[in-house]
There are 2 protein chains.
Amino acid sequence: MIVNGQTVADGAATTLREMILAGQLRPGERVHQDQLAELLGLSRTPLRTALATLATDGLLDYEANRGYRVRSFSVDTIRSVFEIRSVLEAQACRIAARLGCSEAVLARLDALVASGDEILASGTLDPAALPQWRRMNVEFHETIIRAANNPLLGEFVARTHNVPMVSDRVILWDDYDIIHRSHDDHHRIARALRSSEGERAAAIMSEHVSFAGDLLVERLRNDPEAALQQLIATAGSGSKKPKKAEK
Amino acid sequence: MIVNGQTVADGAATTLREMILAGQLRPGERVHQDQLAELLGLSRTPLRTALATLATDGLLDYEANRGYRVRSFSVDTIRSVFEIRSVLEAQACRIAARLGCSEAVLARLDALVASGDEILASGTLDPAALPQWRRMNVEFHETIIRAANNPLLGEFVARTHNVPMVSDRVILWDDYDIIHRSHDDHHRIARALRSSEGERAAAIMSEHVSFAGDLLVERLRNDPEAALQQLIATAGSGSKKPKKAEK
DNA sequence: AGGCGCCAAAATGTATCCAATTTTTCAAGA
DNA sequence: TCTTGAAAAATTGGATACATTTTGGCGCCT
C-alpha cells in the first residue's frame, strides 16, 4: 500500500529477487520468514506473498510445512537456460521478419547498433561505458522481441532472466574481440531483419545467444568465484519502471 | 495442512487452475476474494497465496489494490503459445538426440506408439478410447522432454500448458485422418530419435505441434462455442501425482 | 557408547482483525 | 439531464494471533 502504485508485497518480491540474483541469499539456504520479515521491515503476510511469487518464478524451492529455500542452479542448468533463450529469441526473429518490421523498429535497431559502434570506436572497453552498453544491448533484444508482437514470447524470455546469470544484462566486459564480434552479430541481425530474412536473423541470433552462454559457462567452470564477483559487480539493476505515485 | 503432503493454499491453487482452464471462471471476470474463499471453504490467507501463484503463472492479471482478474487469452495469443511450445519441444528433440536416448527411453516411446496403433486399429475414433489416447500422447511428449535432461526446458513447456487450450491433453477427437496423421508423426519422431537424427525429429515435432495449433485455432475461429464445449468436455484432469499421506 | 523416543522449542500455515484504498451511491449544482 | 462531489459501502492489503507441523534436544533404554 503505502504510496506508489505497488504493494509492500510487490516491493518485497523485487527486493528479494535482486538479493537472490545478486547472490546475497546463498543457493540452498533456508529462508527464515521471521528473520527476513524483520530485516525487510514488514510482517510475514506480504513477505509470504512475495515468497510464493518467487517460488512460482522458479527462484525458490518450496516444500509444504518446511518453507522456502533459495534454489540452486548448477552451471549445467544455466547452460540449458541459455539454450532455451536461444531458441526463443531466434523464434522472435523469425516472427518479426514474417510480420515485417515497421520502419520505426528498423530505425531503432539501426540507432542502437550505431550507438554500440560509437562505444567500441575507441578500440578498448572503457568500464565507464558498460552501463550504456548494457542499455543498448537490452534495448536491442527487447525491441526485436516486441517486434514479434507475441506477448507470451516476451513473458517467456523474461522468465528466462529469472535464472542467475542468464540475462542480456549480464555482460562479460573484458575482451574487446568478443564484444566486437558480438556486436557484429547485432549488425547482421538488424540487416537481416531489414531485408526480411527471418531464418537468417534467427540463425545469427541463435548463435549470438548460445555463444554468450558457452562463454559464461566456460568462465564459471574455470574460475567460478572470479566470474561471479565480476558479474555481480557489473549486473546492476534492470529497467525499473514503477508507476509514479499519483497523489 | 490438514492431511496430505500439500497445504490448503496449494490445493486452492490447483483447484483454481482447473476452474480457470475449464472456463468456470470467465476471462476478464474479477475475482472476489471473500466469495471465492467461502466457496472453497477456506480463509482469505491461503486463497491469496494461491492467487499470487496463479498470477505469476500468468493465469490471472493483478493490479495493486484492485485485485485479480481472470486473464483473457485471445485466439491469437493461443496461436502464439503454440509457436512457443513448438520451438521448445523441437529443441527437446534436438537435445535428446544429441545426448543419445537410452534404450529404456526408446523402448518406452516404441511402446507408446504401439499402444496408439492399437487404439487406431479399428479405423474409427471411439470416444471411450480418448482418455487412453490422451495418456499415451501426454506420456510421449513428456518422455522426450525428460530425455532432454534439461529440467528448465520441462518447466517452460509446463508453463505453456497454463494457457487454456494449449496442452497436449487437449485433443480434437473427431477426425480420424488427422489423428492418424498426427500419430504417424509420433512414429517418425520415435524412429528419428532412435537413429539419433535430432534435426529430423525436431522438424517433425515442430510441425506436429504447430499443426495442432493451427487446427485448434481454425476451429476456434469457425465456431468458438462448439470447439470450447468439446474441449472442456474432453480435457479432463491431468496427471496428478500427489504424495500419499504418510500418517 | 550409541540409538530410540518423547517432550519442548521453533518455524510454518491459517484464521481473524484492522487499516487503507477503491468503488458505488446519492445528491446537489450547472 | 448530465456532471461533479463527497460520503458510505465494499474490497483489498497488512498485521497479529492461533493451530499445526517440523526440528532439536534431552533422557532413557539397550
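Below: a short report on this structure. (Residues numbered from 1 in each chain as written. Chains lettered and ligands numbered in written order. Predicted model: local features only at pLDDT ≥ 70, side-chain atom pairs only at ≥ 80, totals over all residues. Heavy atoms only, no water.)

### Observations regarding the protein's contact with DNA strand D
Rules: It suffices for a single heavy atom of a residue to lie within 4 Å of a molecule or strand for the residue to be listed as near it. Here a polar contact is recorded for every N or O atom pair within 3.5 Å, except that within protein the pair must consist of a potential hydrogen donor and a potential acceptor, and residues adjacent in sequence are included only if both atoms are side-chain atoms. Counting from the N terminus, the helices are the DSSP runs of H or I reaching at least four residues and the strands are the DSSP runs of E reaching at least two. By the convention adopted, Pro, Cys, Tyr, Trp, Phe, Met, Ile, Leu, Val and Ala count as nonpolar, Lys, Arg, Asp and Glu as charged, and the other residues, Gly among them, as polar.
Taken together, the neighbourhood of DNA strand D is formed by 21 residues, with Val8(A), Ser43(A), Thr45(A), Arg48(B) and Tyr62(B) sitting nearest. A breakdown of the atoms of DNA strand D within 4 Å of the protein gives sugar and phosphate a share of 72%. Residue Thr45(A) places a side-chain N or O atom 2.6 Å away from a base nitrogen belonging to DNA strand D. Arg66(A) places a side-chain nitrogen or oxygen 3.0 Å from a phosphate oxygen of DNA strand D. Elements supplying a minimum of two residues to the surface near DNA strand D: α1 (8-21) and α3 (44-57) of chain A together with α2 (33-40) and α3 (44-57) of chain B. A per-class count over the surface near DNA strand D returns 8 nonpolar, 8 polar and 5 charged.

### Digging into helix α4 (residues 75-99) of chain B
All names here are of chain B. As a reminder, the rule being used: Here, expected helix span is obtained from the residue count minus one, scaled by 1.5 Å. Only protein chains enter the accessibility calculation, which uses a 1.4 Å probe; a residue whose area is less than 20% of its type maximum is buried, one above 50% is exposed, and one in between is partly exposed.
Between its first and last C-alpha atoms α4 spans 36 Å; for 25 residues at 1.5 Å apiece the expected length is 36 Å, and the two agree. Of all 25 residues making up α4, 19 are buried, and the element is well covered by its neighbours. A positive backbone phi angle near 85° is found at glycine 100, which sits one or two residues after α4.

### Re the nonpolar core
Short version of the rule: By nonpolar core is meant a set of buried Ala, Val, Leu, Ile, Met, Phe, Trp, Tyr and Cys residues that side-chain atoms within 4.5 Å join together. Note on definitions: a residue-residue contact is assigned when non-hydrogen atoms from the two residues lie within 4.5 Å.
Ranked by size, the top nonpolar core spans 108 residues in total, and within it Leu88(A), Leu193(A), Leu88(B) and Leu193(B) carry the most contacts. If we skip the residues at most four places from it in the chain, Leu88(B) touches Ile84(A), Val87(A), Leu88(A), Leu153(B), Phe156(B) and Val157(B). Core analysis: the second largest hydrophobic core is formed by 20 residues, Ala13(A), Met19(A), Ala37(A) and Ala52(A) among them.

### Overview of the relation of the copies chain B and chain A
The condition that has to hold: For this overlay, a least-squares fit was computed on C-alpha atoms, restricted to residues scoring pLDDT of at least 70 in both copies.
Between chain B and chain A, which share one sequence, the superposing operator has a rotation angle of 180° and an axial displacement of 0.0 Å; the RMSD is 0.1 Å. As the rotation angle and translation indicate, the two copies are arranged about a two-fold axis. Comparing contact sets, 100% of the residues at the interface of chain B also lie at the interface in chain A, consistent with an isologous, same-surface contact.

### Details of the pattern of salt bridges
Residue and element names in this part refer to chain B. Quick note on the threshold: Here a salt bridge means any side-chain nitrogen of Lys or Arg lying within 4 Å of a carboxyl oxygen belonging to Asp or Glu.
Going through the model one piece at a time under the given rule, you end up with 32 salt bridges over all chains. Between arginine 194 and glutamate 103 there is a salt bridge; the shortest N-O distance is 3.4 Å. On the criterion of sequence distance, the pair formed by arginine 194 in helix α8 (residues 176-194) and glutamate 103 in helix α5 (residues 103-120) is long-range, its members being 91 residues apart. On the basis of relative accessible area, arginine 194 is assigned to the partly exposed category, the value being 38%. Residue glutamate 139 is joined to arginine 108 by a salt bridge in which the shortest nitrogen-to-oxygen separation is 3.5 Å. Taken together, the positions of glutamate 139 in helix α6 (residues 130-147) and arginine 108 in helix α5 put the pair 31 residues apart, joining distant regions of the chain. Residue classification places arginine 108 among the partly exposed residues on the basis of a relative accessible area of 38%.

### Topic: the pairing of strand β1 (residues 60-63) of chain A
All names here are of chain A. Heads up, the condition is: Strands are treated as partners if at least two bridges between them are detected by DSSP.
Both β1 and strand β2 (residues 67-70) contribute to a ladder of 4 bridges, which runs antiparallel. If you follow glutamate 63 over to β2, its bridge partner there is glycine 67. From the end of β1 to the start of β2, which pair antiparallel, there are 3 residues, and asparagine 65 there has a positive phi angle of about 70°.

### Side note on the packing of helix α4 (residues 75-99) of chain A against helix α7 (residues 151-160) of chain B
Here is the rule we go by: A fitted line through C-alpha atoms represents every axis, and for helices the fit uses only the stretch in contact; the resulting angles, taken between N-to-C directions, go from 0 to 180 degrees. In what follows, roughly perpendicular refers to angles from 65 to 115 degrees, roughly parallel to angles under 35, roughly antiparallel to angles over 145, and oblique to any angle outside these ranges.
Viewed as axis vectors pointing N to C, α4(A) and α7(B) meet at an angle of 45°, and their least axial separation amounts to 8 Å. As far as their axial angle goes, α7(B) and α4(A) are oblique. Where α4(A) approaches α7(B), its residues Thr77(A), Ser80(A), Val81(A) and Ile84(A) are matched on the opposing element by Leu152(B), Leu153(B) and Phe156(B). A per-class count over the contact of α4(A) with α7(B) returns 5 nonpolar, 2 polar and no charged.

### Examining the protein's contact with DNA strand C
Around DNA strand C, the surrounding shell holds 21 residues, and the nearest of these are Arg48(A), Tyr62(A), Val8(B), Thr45(B) and Arg66(B). Counting only atoms of DNA strand C within 4 Å of the protein, the sugar-phosphate share comes to 72%. Note that a phosphate oxygen of DNA strand C is positioned 3.5 Å from one of the side-chain N or O atoms of Gln33(A). A distance of 2.5 Å is found between a phosphate oxygen of DNA strand C and a side-chain nitrogen or oxygen belonging to Arg48(A). Among the secondary structure elements, those contributing two or more residues to the surface near DNA strand C are α3 of chain A together with α1 (8-21) and α3 of chain B.

### Notes on unusual backbone geometry
Residues and elements named next belong to chain A. Phi at asparagine 65 takes a positive value of approximately 70°, unusual for a residue other than glycine. Its place among the elements puts asparagine 65 in the loop between β1 and β2. Located in the positive-phi region is asparagine 149, a residue other than glycine, with phi close to 55°. Considering the arrangement of structural elements, one finds asparagine 149 in the loop between α6 (130-147) and α7 (151-160).

### A look at the interface of chain B and chain A
Note the threshold: What counts as buried area is the accessible surface, traced by a 1.4 Å probe, that two parts surrender upon association, with contributions from both included.
Opposite the 33 residues of chain B that make contact, chain A presents 34 residues. In total, about 3000 Å² of surface goes out of reach between chain B and chain A, with carbon and sulfur atoms giving 58% of it. Contact with chain A buries surface across chain B, with Thr56(B), Phe156(B) and Arg159(B) losing the most and accounting together for 21% of the total. Between chain B and chain A we count 4 salt bridges in total. A salt bridge links Arg71(B) to Glu155(A), with the nearest nitrogen and oxygen atoms 2.6 Å apart. Viewed at the interface, chain A and chain B are joined by 10 residue pairs in polar contact (both at pLDDT 80 or more). Those elements that place two or more of their residues in the side of chain B that touches chain A are α3, α4 and α7 of chain B.

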